[in-house]
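Next come the chains, spelled out residue by residue.
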Amino acid sequence: MLMYTLKRLLQGVVTVWFIATATFFAMHAVPGNPLTNEKAVSPKIWAELQKRYGLDKPLLEQYGLYIKNMASGDFGVSYTQQNRQVNDIITEHFKVSATLGILAVVFAAFGGILWGALTAMYRNRAPDIVIVFLVILGISVPGFVFAAFGQLSLVKVNDWLGFTLFPVAGWGTVQHMIVPSMVLGLGTMAFLTRLMRSSMLEIVNSDFVRTARSKGLPMTRIFRKHELRNAILPVITVLGPSIAAITTGGFVVELVFAIPGLGRYFVQAVQQLDYTVIMGTTVFYGAFLVFMVIAVDLLYGMVDPRVRLE
Amino acid sequence: MTTNALSFEPVRVEREVETISRPSLSYWQDAWLRLKANTRAIVSLYLVIGLLLFTVFGPWLWQVDSSAQDLDQISAPPGAERAVTVVDEYRPWQGATATPVAGAGGELQAPASLSVAGDATTRAVRLQWSAAPDAGGYRIYRSIFDTAPDGALGLPLGDVLDPTTVSFEDRLDLQPLTYHYSVVTLDDRGREATGYTSVPVEVTRVITAAQAHAKGLIDSADVVRPGDVLKLQMHPLGTDYLGRDMLARLMHGARVSLFIGIVAPFAFVLVGIFYGSVAGFMGGRVDQLLMRFADFVVALPFLLFMILFRILFNVQPGDNSILPMMVAMVVLSWPAVARLVRGQILQIREEGYIGASRLLGAKTNYLVLRHMIPNTMGVILVTLTFAVPSAIFTEAFLSFIGMGVAPPTPSWGSMCNEGLKTMLTTPHELIFPAAFISITVLAFNLLGDGLRDALDARMRATE
Amino acid sequence: MSAPPATLSAEAAPARPPLLEVADLRVEFDTYGGTVQAVRGVSFSLERGKTLAIVGESGCGKSVTVQSIMGLIPMPPGRITRGIAKIDGQDMLRDQRIDGKDIRGRLVGMIFQDPMTSLNPTMTIGDQIAETLQVHAGHSHRRAFARAVELIDMTRIPEAAKRARQYPFEFSGGMLQRSMIAMSLACEPSVLIADEPTTALDVTIQAQILDLMADLQRDNGMAIVLITHDLGVVARMADDVLVMYAGEVVEHGGVDDVFYRSAHPYTLGLKAAMPSNRTDAAQELTPIDGSPPDLFAPPEGCGYFARCPHAMRACEATHPPAFAIAGGHDARCWLHHADCDRDAAQVYRR
């Protein structure tokens, strides 16, 4: 298990290095350089800026410096807000995005497992049909539509109640977090429900559940110890990609609900072509996702003994 | 039952000869039969065909310019009132004046009365009010909501800083709605008093004969007289915030969205097939190396490359980036397909029938054409069907964050993006494109499910 | 033999009721194609310490019979339409699902055909055995686990204490089947139902598993219901044999009666289709032509009519009752009818 963990971590580091390298050369493959778009500036200021961002050095030296800085966790200075460190931006805004994302993942995973198990238990009866219909809807509706309608219905609900049950936008209190994270997790929840349902249907008819029944175990125990635990396995394997999907979806939800998260900042940086922020955030997100996938794989190893001793 | 009824005479039973009672079906015939039995998949197939017809023949049948603005009908929901009254040419209004009233001091009062002078039309709403004591001027507000519940007055239209003037003419972007006008008294230093006077005004839509002629509603400006009622141009699904016809935009948007949604998956599936089959055939070290590289590509951030390709294709902010979007999709989405195809090839290579065929002297070309390709086709077709909705989602997502299709080119994603801004007042601008995206994605998903069930029992969902 | 045909259950009437008694069990399944009558009136009984073998080809209703007794068939689509099954006087079809007092696992243990898939892959072997004891005997986990180690040891798995902490994927097929036996015997049931326990195993392992079952039976005095389609296994293990065909019992009797004095053409067919190492027998195997009847609409007469070399008019139209041949031996074949002018003895003397 230890060797496996170490191996996966090493692989993760290599992947992050690859992302960082690809990002660097992708950005420098662009004709001109990132400062070309700056408004007309005097040659002196131009040279000053060039120097400040290290753009006057040869490419390989820049690359070496970049990797060195990355490794020590320094992402440089923002182009558009020249007094801000990219690190500060990430540390300040990622907290918000991470909170939102974690809530959404938890909501999606628990919801998916619960609804999936429920549909399998009521197979082809009313609850199953209703949930399967909602799941198909959930998979087919884009995230930003959920976000928009989530906000719209919040406005209506608050209007109807006559007071603000959940704020329509912004961040800060628990009330701010609930609706955006639910909206963010909805698509993934639908996907996981579907997966859990087919997994449950397979497990319920499996030989070992029949064995458990032949042992005369109570229904609740069979469900807990035999069905649920095995049916969850495929759900865990897709949790990694789900986290990636939720991260991307977070950009939209942060935009719609005016949440000061890193995703919204990233989209802004993209629109303003703030290269250091784009590069820093990309590598940061890349690393985050790579290590989340590793964490999920290790978690899987803990649940499924067959992987543990690989 | 009595024993007398029994006869113990031996009989010869005709042994049933085992025959093949059904004509044998080819793989695709069998798949088609199974698909036909799946109602959901067939309905989805018709939906997909319908969407394609809508996209290809729609603009031909509904010949409305998708970028033409109908300024008389802005953000009109479907089925909105289209009647318009013909009026005379506009004549300027002198307004109303009053002698300033000296007050008894104390707090400033709002005007005692507020009324509309003449007809309230989309051309102009003329307000007049009674002078308030000690007033230094007035400020006029307009709101589409009733001001009563929360005292929010809405949009400040203008200030009248002359206490003798007690009238105001509103000509700002009037729509045929009920507006709530409010007047607040200002003191001589321009500060607002606390009270306000408010009046609801129902605005009727009007047009001059010349305008009607210019719009093509009538053949000649002479055929109508003031007071006649005409019908404005029809928009079956309403108009957007710039007065453009939604149906025409949805049709043109479908061309963009479905083009991206179908061409991009085709391209990356082809790349994936090529890469995956090379890896699968070569095997060994080459396979290892190729697949390791694919693993890395999977980890690459999509948005970054989207930005990169925008720059490479010299797309300025606010420009369309359909080509960079498709290139980014192809460059980053093939590894999943490659992995799948490689797995299939590796599996098929070990199958007995390949060995048998080879023993009979089959050449590699024959093996590939006769066995490998037909046996991976099912999986590839299913992957392609599922890739379409995800490409449509990607287009919508990118257009939504302003990196994909940019205005004025319509695409379903960019229409959603625009519709979001007016979601609270005119939700149809968001609902229609969102519904089109959802229905398309739904149809492709269900069709994919059906195809998977029909083509490949191994991949069959328990559903 | 002019007496009215006797039914199977009225056959032997011991003073004490038999340990396991099944009478006129009928099971149906609703499918898209219609209703399948999988089991059509099966009756048998079993005494303490004895082994009953149920034989027959695939799809004849062997497994459905025992699984419906155990309450393991999915309902719906399955349905038990008639019949009783009693163990020690307790009704098994009605008393199920009373928590803790469940007959399953406590009075009856069961092992299945494929040990590879019949154990929970995410639970240790020891925990899976201990679980039964925790539920039925109310043992603490520690105590139940200690007992589980003893049980694993009893099934001759070496290093039981270490093995108990391992997962199914770390076991071989034979060891998994031993663990299944340990699990089914955890609460010392009086009946063990073994549903093709050796079919999925290597031939050498098969013998070990059968020996183990026989030894444990001698020690515990439990009764065994053994389902198999392997007549070799029957000869080795069984006291009584039940031959099933198309959802019915066609012949029932002591193992020697059924083997050496077979009284049904289907039993003869099975024997002819089985390889044997007797030198005097013809070495060529004879398959039974044709296929079993469609159980969506079972034939009115004898189910074997279409494949029987001795078919008569009566067989086609009228369902044969069970004819008693000798004490404890009966068969559903019109050849045994008193009025049948063909001598049954001629047919069956082989």
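Each value, and the rule that gives it
- Residues numbered from 1 in each chain as written.
- Chains lettered and ligands numbered in written order.
- Predicted model: local features only at pLDDT ≥ 70, side-chain atom pairs only at ≥ 80, totals over all residues.
- Helix = DSSP H or I, 4+ residues; strand = E, 2+ residues; numbered from the N terminus.
- Rg over C-alpha atoms; globule rule 2.2 N^0.38 Å.
- Contact = placed C-beta atoms within 7 Å.
- Pairing = 2+ DSSP bridges.
- Axes fitted to C-alpha atoms, helices over the stretch in contact; angles between N-to-C directions.
- Core = buried A, V, L, I, M, F, W, Y, C linked by C-beta atoms within 7 Å.
- Buried ≥ 20, exposed ≤ 12 C-beta atoms within 10 Å, placed from the backbone.
- Nonpolar A, V, L, I, M, F, W, Y, C, P; charged D, E, K, R; others polar.
- pLDDT = per-residue confidence, 0-100.
- Domains from an automatic or database assignment.
- Expected span 1.5 Å × (residues − 1).
- Bend = angle between axes of the 7 residues up to and from the residue.

S.K.: Where do I start with the overall build of chain B in this structure?
M.R.: Per the secondary structure count, chain B includes 11 helices and 10 strands. Here the C-alpha atoms of chain B give a radius of gyration of 35 Å, more than 25% beyond the 23 Å that 2.2 N^0.38 yields for 463 residues. For chain B, the spread of C-alpha atoms along the principal axes amounts to about 125 × 80 × 50 Å. Long-range contacts, defined here as pairs at least 24 residues apart, represent 72% of the contacts in chain B between residues at least 6 apart.

S.K.: What's the story with the sheet that holds strand β9 (residues 206-208) of chain B in this structure? I'm lost.
M.R.: Whether parallel or antiparallel, the strands of a sheet pair through hydrogen bonds between backbone atoms. Residues and elements named next belong to chain B. Spatially, β9-β1-β10 is the arrangement adopted by the three strands of the open sheet, whose pairing is mixed. Two strands close off the open sheet at either side, each with one partner strand: β9 and β10 (229-231). Recorded for the sheet is a direction-independent mean angle of 45° between the axes of neighbouring strands. In terms of strand pairing, strand β1 (residues 83-87) meets β9 through three bridges, oriented parallel. Across the sheet, the residue bridging to V87 is T208, located in β9.

S.K.: Even after reading the chapter, I still don't get the nonpolar core, so can you show me in this structure?
M.R.: For soluble globular proteins, the rule of thumb is that nonpolar side chains tend to be buried together. Within the largest apolar cluster, 255 residues are counted, with the highest numbers of intra-cluster contacts made by V252 of chain A, C416 of chain B together with A53, V191, V225 and V243 of chain C. Examining the composition of this core, we find that 15 residues originate from one element, helix α4 (residues 246-282) of chain B, more than from any other. Aside from chain neighbours lying at most four places away, what touches V225 of chain C is L46, L52, I54, V66, V191, I193 and A194 of chain C. With 23 residues, the next largest nonpolar core counts A120, A132, F168 and L174 of chain B among its residues.

S.K.: Would you take a moment to explain the interface of chain A and chain B for this structure?
M.R.: A common way to report how large an interface is uses the accessible area buried once the components associate. Opposite the 31 residues of chain A that make contact, chain B presents 34 residues. Put simply, the parts of the chain that give the side of chain A that touches chain B at least two residues each are α1 (2-28), α5 (126-140), α6 (143-161), α7 (174-204), α10 (239-256), α11 (262-272) and α12 (275-303) of chain A. For the side of chain A that touches chain B, the class distribution of residues is 23 nonpolar, seven polar and one charged.

S.K.: Help me understand the confidence of the model for chain A in this model?
M.R.: In low-pLDDT regions, the fine details of the predicted coordinates are not to be read closely. Averaged over every residue, the pLDDT of chain A is 81; residues scoring 70 or more account for 91%. Across chain A, the secondary-structure element scoring lowest on mean pLDDT is helix α13 (residues 305-308) of chain A, at 69, and the one scoring highest is helix α8 (residues 207-214) of chain A, at 88.

S.K.: Explain the domain arrangement of chain B here, please?
M.R.: Looking at the assigned domains, one finds that chain B contains domain 1 (31-66 + 242-462) and domain 2 (86-208). One C-alpha centre belongs to domain 1 of chain B, the other to domain 2 of chain B; they are set 56 Å apart.

S.K.: What's the story with unusual backbone geometry in this structure? I'm lost.
M.R.: At D134 of chain B, a position not held by glycine, the phi torsion is positive, near 65°. Counting through the fold element by element, D134 of chain B comes out in the loop between β3 (125-129) and β4 (137-143). Its 20 C-beta neighbours within 10 Å are what place D134 of chain B among the buried residues. Positive phi outside glycine occurs at E196 of chain C, with the angle close to 45°. Mapped onto the secondary structure, E196 of chain C falls in the loop between β7 (191-195) and α6 (203-220). Residue E196 of chain C is classed as partly exposed on the basis of its 19 C-beta neighbours within 10 Å.

S.K.: Hey, could you run me through the environment of S184 of chain C in this one?
M.R.: Residues and elements named next belong to chain C. With respect to the helices, strands and loops of the structure, S184 is situated in helix α5 (residues 173-184). C-beta crowding within 10 Å serves as the criterion here: with 26 such atoms nearby, S184 is assigned to the buried category. Each C-alpha atom, one on S184 and one on G105, is 6.6 Å from the other, the two residues being 79 residues apart in sequence. If sequence neighbours within four positions are ignored, S184 has contacts with G109, M110, I111 and L192.

S.K.: Could you clarify how one ought to interpret helix α4 (residues 86-121) of chain A in this entry?
M.R.: Along an α-helix, residues three or four positions apart point the same way, because every turn accommodates 3.6 residues. For α4 of chain A, spanning 36 residues, the distance from its first C-alpha to its last is 50 Å, which sits close to the expected 52 Å at 1.5 Å a residue. At F94 of chain A, α4 of chain A shows its maximal kink, close to 35°.

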